[in-house]
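# Chain and residue survey
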Amino acid sequence: MAKCNKCNVEVDTRGERCPLCAAKIEKTIDPTYPTIKTTSTWQFIKRIMIIFVLCTSIIVVFLNGFLTPNMKWSVFVIAALLSMYTVFLGIVKGRKRILSMMFYMSFAILAITFIWDRLIGYKGWSLNYVLPSVAIGYGVFLLILRFVSHFAIENYRGYIYLHILLEFLPLVMYVKNVVTFEPLALVSACFGTINLLVLLLFDFSHLKNDLGMRLHI
Amino acid sequence: MREKRWYKLDNSAKIIPSMTNNLNTNVFRLVCSLKEKVEADKLAIALKMTCEEFPMFTCKMKSGLFWHYLETSSSEPFVEEDHVYPCSKLDGDLLFKVTYYKNRINLDMYHVLADGNGALEFLKYLVACYLDLVYGLSHHDKVNTASIYARESDDFKKFSKFGKKKVYDKYKSAYKLKFPRKENTVGDVIEVHLSASEIKRIAHECDCTVTVYLTAVLIRSIVQCAHVGDLKKPIGIIVPIDLRGIFPSQTVRNFFYTVNIQYEYREEDTLLDIIKFLKEKFSEKFSKENLQALLDSYMSLEKLLLLRIIPNFLKDFILGIITGFRNTETMGFSNLGVVEMPEVYSDYICAFSGVMSTVDLHLTTMTYNDELRFSFMSHFVTNEIERNMVKFLKDAGIEKCKIVSNKE
Ligand SMILES: [Zn+2]
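Residues numbered from 1 in each chain as written. Chains lettered and ligands numbered in written order. Predicted model: local features only at pLDDT ≥ 70, side-chain atom pairs only at ≥ 80, totals over all residues. Heavy atoms only, no water.

### Some remarks on the overall build of chain A
Along its length, chain A carries six helices and two strands. Across chain A, helices and strands are ordered from the amino to the carboxyl terminus as β-β-α-α-α-α-α-α. Within chain A, the proportion of its 217 residues that are buried is 41%. Carbon and sulfur atoms make up 71% of the accessible area of chain A, which totals about 13000 Å². (Helix = DSSP H or I, 4+ residues; strand = E, 2+ residues; numbered from the N terminus. Buried < 20%, exposed > 50% of the residue type's maximum accessible area, 1.4 Å probe, protein only. Areas by Shrake-Rupley, 256 points an atom, 1.4 Å probe, with all protein chains shown as cover.)

Okay, here's the thing in structure tokens:
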């Protein structure tokens, strides 16, 4: 057992110094505390991603400025890089909980496509096509999860409520003339109705509990 | 598949999410040091048995529109070899984690779920189940005889009378510890292993309890490190008080309040003067009337409609800012007291200890049989207060003293 003569105590530590007075002591042969790896691989990959996004952005802005000062194409490249990074973060964050990850990802995709839509002159394709497609895709995914796999869907009922709202959104927008493409909006609302019916049939008894849980004051 | 339930946060837990950050994770660790190496597979079985007895602990925290709440998680708790710093942020759903390393069983727990004494019941049960499995005993049923219902009761509600007498103590801004801080956000642990009977003897010589004696020594050690000019401000020691000692409660959830003991430095004060001051303060602050009034005040605060209807994220934000400006404390000192286990287990258990996450410095003490262990969690590079305290105890005649640390 190592001993610090300055403090006159027995010492068991991972370093070669007394934890109290920092005097040099003999190394503890079999310390009580484990040695700990500080950085995880995910953090390392995240850092590399940030460096990559930053460097490429800077290079692109410089190239843009030198080669074609009149055209602002670098904005698109940076937007693309940021989109990529957002998606990546979503994967890293939600890598343990698939449904919540899928939900946030669909929101990220919607937000990103909407911004892109705006950037290249608003044509409305993000709301006309992407929004209902994402809603439908996610709805099908939910139905598959519920009936095909033995997935504990009750952990994610909150997402289903939100999702049903999302599925009806295109139709509401169509009625309000924000969206012009009818078929997809209708299909999306159809799936919304199916999901709503399934929810009412299978989960109605939980509804009160769920609301109490989420809204208790 | 577990039965799905949800629980409102208790009065103390409500403020914790807003106070949680990278520096102060609000995770605390309780440790049981055994005499022999831990067997992982048996510990896993013991954990399963324990979780069935404490169903509330297998919850995750979710945020509702107005408050956070706890909901039964579908994640299975598991045991693994310790590979993180004590009290680091928990990953995954669950609000606690059981790890082992050599002959230690560690329980890391988020303060929202339980307080130190509540978590200790869980750890004791876990250790008892484990020892029963390993050594073929059968005494774990004697460890906690409360019903599952009594264990998960919110006793802040149960014992508040909403009486007229309210206490909202005013405190002065306290002296802040001014040591160079560590670069990273993980705190160092320094454990001091002492003999309980030796400390008891010395405390009795000063005619006070062990808690009062140790608090006095701690205050003295802080004074020794401080610049005299800074000591115009009082030294504020935050002491959590276990309300189970006052009210007949069997809950394993939070049931504590913290009390701020502010000591105004006077140059002529000896240790005995500090002890005299603390004895008065303790009997005033820890009296049943004062704690009942404190309970009533906090509970009526929680009942304010204006506060309740603020959306959750805003609440966290506002409370976070308010607690960020709080400057009435120098450091914290939790005494989890004496751990009681059935006699048979004393052949296999060496000691219990605990450590609490903090922004600056926190001291936690626990006693089991003759092993008194105190553990500092520190975010400072130098450990002067710890050193002063050890030196003081040594000079007071303590023979047995061992330092265990995870410092590099
Ligand atoms: Zn030393």
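### Considerations on the interface of chain A and chain B
Across the boundary between the two partners, chain A contributes 33 residues, which contact 42 residues of chain B. Buried area between chain A and chain B, summed over both chains or domains, comes out near 3500 Å², and the portion from carbon and sulfur atoms is 57%. For chain A, the biggest contributors to the area lost against chain B are Leu20(A), Tyr33(A) and Ile217(A); these three give 22% of the whole. In this assembly, chain A and chain B are joined by two salt bridges. The salt bridge partner of Arg14(A) is Glu408(B), with a shortest N-O separation of 2.9 Å. Inspection of the chain A/chain B interface yields 13 residue pairs in polar contact (both at pLDDT 80 or more). Those elements giving two or more residues to the side of chain A that touches chain B turn out to be strand 2 (9-12) and helix 6 (182-215) of chain A. (Contact = heavy atoms within 4.5 Å. Buried area = accessible area lost by both parts, 1.4 Å probe. Salt bridge = Lys/Arg side-chain N within 4 Å of Asp/Glu carboxyl O. Polar contact = N/O pair within 3.5 Å; in protein donor to acceptor, adjacent residues only side chain to side chain.)

### With respect to the coordination of the zinc ion
Around a metal, the perfect tetrahedron of four donors has angles of 109.5 degrees, and the perfect octahedron of six donors has angles of 90 or 180 degrees. All names here are of chain A. All of the protein donors around the zinc ion are Cys4 (SG), Cys7 (SG), Cys18 (SG) and Cys21 (SG); their distances to the metal are 2.3 Å. Around the zinc ion sit four donor atoms; with metal-centred angles ranging over 102 to 114°, the donor geometry is tetrahedral. Read in sequence order, the donor residues coordinating the zinc ion give the pattern C-x2-C-x10-C-x2-C. In this pair, Cys7 is assigned in the loop between strand 1 (2-4) and strand 2 and Cys18 in the loop between strand 2 and helix 1 (41-67), connecting sequence segments eleven residues apart. For Cys18, a relative accessible area of 3% gives the class buried. (Donors = N, O, S within 2.8 Å, 3.2 Å for Na, K, Ca; no water. Tetrahedral: all angles 85-135°; square planar, octahedral: opposite > 155°, others 65-115°.)

### Structural notes on the sheet that holds strand 1 (residues 6-8) of chain B
Residue and element names in this part refer to chain B. Strands sit in the order 1-4-3 across an open sheet of three strands; the sheet is antiparallel. In this open sheet, the two strands that pair with only one neighbour each are strand 1 and strand 3 (59-63). Strand-to-strand, the axes of this sheet are offset by a mean angle of 30°, without reference to chain direction. (Pairing = 2+ DSSP bridges. Axes fitted to C-alpha atoms, helices over the stretch in contact; angles between N-to-C directions.)

### Here we look at the domain arrangement of chain B
Residue and element names in this part refer to chain B. The domain boundaries assigned to chain B delineate domain 1 (6-156) and domain 2 (159-405). The C-alpha-based centres of domain 1 and domain 2 are spaced at 22 Å. Taken residue by residue, the interface counts 71 residues in domain 1 and 61 residues in domain 2. Buried surface at the junction of domain 1 and domain 2, summed over both partners, amounts to about 5300 Å²; 58% is from carbon and sulfur atoms. Sorting the residues of domain 1 by area buried against domain 2 places Leu23, Asp155 and Phe156 first, and these three jointly supply 14% of that buried surface. For the pair domain 1 and domain 2, the number of links is two salt bridges. Glu191 is paired through a salt bridge with Arg104; the nearest N and O atoms lie 2.8 Å apart. Between domain 1 and domain 2 we count 36 residue pairs in polar contact (both at pLDDT 80 or more) in total. Considering every element that reaches the side of domain 1 that touches domain 2, the biggest residue donor is helix 3 (residues 116-135), with 13 residues. Along the lines of polarity and charge, the residues of the side of domain 1 that touches domain 2 split into 37 nonpolar, 19 polar and 15 charged. (Domains from an automatic or database assignment. Nonpolar A, V, L, I, M, F, W, Y, C, P; charged D, E, K, R; others polar.)

### Describing the side chain of Thr215(B)
Within the secondary structure layout, Thr215(B) lies in helix 7 (residues 210-225). Looking at Thr215(B), the relative accessible area reads 0%, which means it is buried.

### A look at the sheet that holds strand 2 of chain A
Here we have nine strands laid out as an open sheet, ordered 1(A)-2(A)-15(B)-8(B)-14(B)-13(B)-11(B)-9(B)-10(B), and mixed in their pairing. Either end of the sheet is taken by a strand with one partner, and the two such strands are strand 1 of chain A together with strand 10 (256-263) of chain B. With direction set aside, neighbouring strand axes in the sheet form an average angle of 25°. Sheet topology note: the strand 9 (residues 235-242) of chain B/strand 10 of chain B ladder contains eight bridges and is antiparallel. Across the sheet, the residue bridging to Gly236(B) is Gln262(B), located in strand 10 of chain B.

### Some points on the domain arrangement of chain A
Often the size quoted for an interface is simply the accessible area lost on bringing the parts together. According to the domain assignment, chain A contains domain 1 (1-35) and domain 2 (40-215). The C-alpha centroid of domain 2 of chain A is placed 54 Å from the C-alpha centroid of domain 1 of chain A.

### Re the pairing of strand 11 (residues 331-338) of chain B
All names here are of chain B. By the bridge criterion, two bridges tie strand 9 to strand 11 in an arrangement that is parallel. Pairing of Ile237 across the sheet is with Met331, part of strand 11. By the bridge criterion, five bridges tie strand 11 to strand 13 (residues 361-368) in an arrangement that is parallel. Counterpart to Phe333 in the pairing with strand 13 is Leu363.

### Side note on the packing of helix 5 (residues 157-175) of chain A against helix 6 of chain A
Helix packing geometry: the angle between the two helix axes and the distance between the axes. Residues and elements named next belong to chain A. Look at helix 5 against helix 6: their axes get within 8 Å of each other, and the N-to-C directions meet at 145°. Regarding helix 5 and helix 6, the two cross each other, and that crossing is left-handed. When grouped by side-chain class, the residues that make up the contact of helix 5 with helix 6 number 14 nonpolar, seven polar and six charged. (Left-handed = near helix turned anticlockwise from the far one by under 90°.)

### Side note on the pattern of salt bridges
Residue and element names in this part refer to chain B. The full count for this structure, using the stated rule, is 27 salt bridges over all chains. Across the salt bridge formed by Arg151 and Glu53, the nearest N and O atoms sit 3.0 Å from each other. Note that Arg151 is positioned in helix 4 (residues 148-151) and Glu53 in helix 2 (residues 40-53), a separation of 98 residues in sequence. Under the relative-accessibility criterion, Glu53 is labelled partly exposed at 26%.

### Considerations on a nonpolar patch on the surface
All names here are of chain A. Among the surface-exposed residues, Ile50, Leu54, Ile58, Ile59, Phe62, Leu63, Phe66 and Leu67 lie close enough to one another that they form a single nonpolar patch of about 860 Å² accessible area. Looking at where Leu67 falls in the secondary structure, it is placed in helix 1. Taking the relative accessible area as the measure of exposure, Leu67 reaches 61% and is therefore exposed. (Patch = residues over 30% accessible without salt bridge, like charges linked within 9 Å, V, L, I, M, F, W, Y side chains within 5 Å.)

### Structural notes on the packing of helix 4 (residues 125-147) of chain A against helix 5 of chain A
Residues and elements named next belong to chain A. Remark: helix 4 packs on helix 5, axes separated minimally by 10 Å, with the N-to-C direction vectors making an angle of 145°. Like other packed secondary-structure pairs, helix 4 and helix 5 cross with a definite hand, here left-handed. Across from Leu127, Leu131, Pro132, Ala135, Tyr138, Gly139, Leu142 and Arg146 in helix 4, the residues of helix 5 making contact are Tyr159, Ile160, His163, Leu166, Glu167, Leu169, Pro170 and Met173. Of the residues assigned to the contact of helix 4 with helix 5, the class counts are twelve nonpolar, two polar and two charged.

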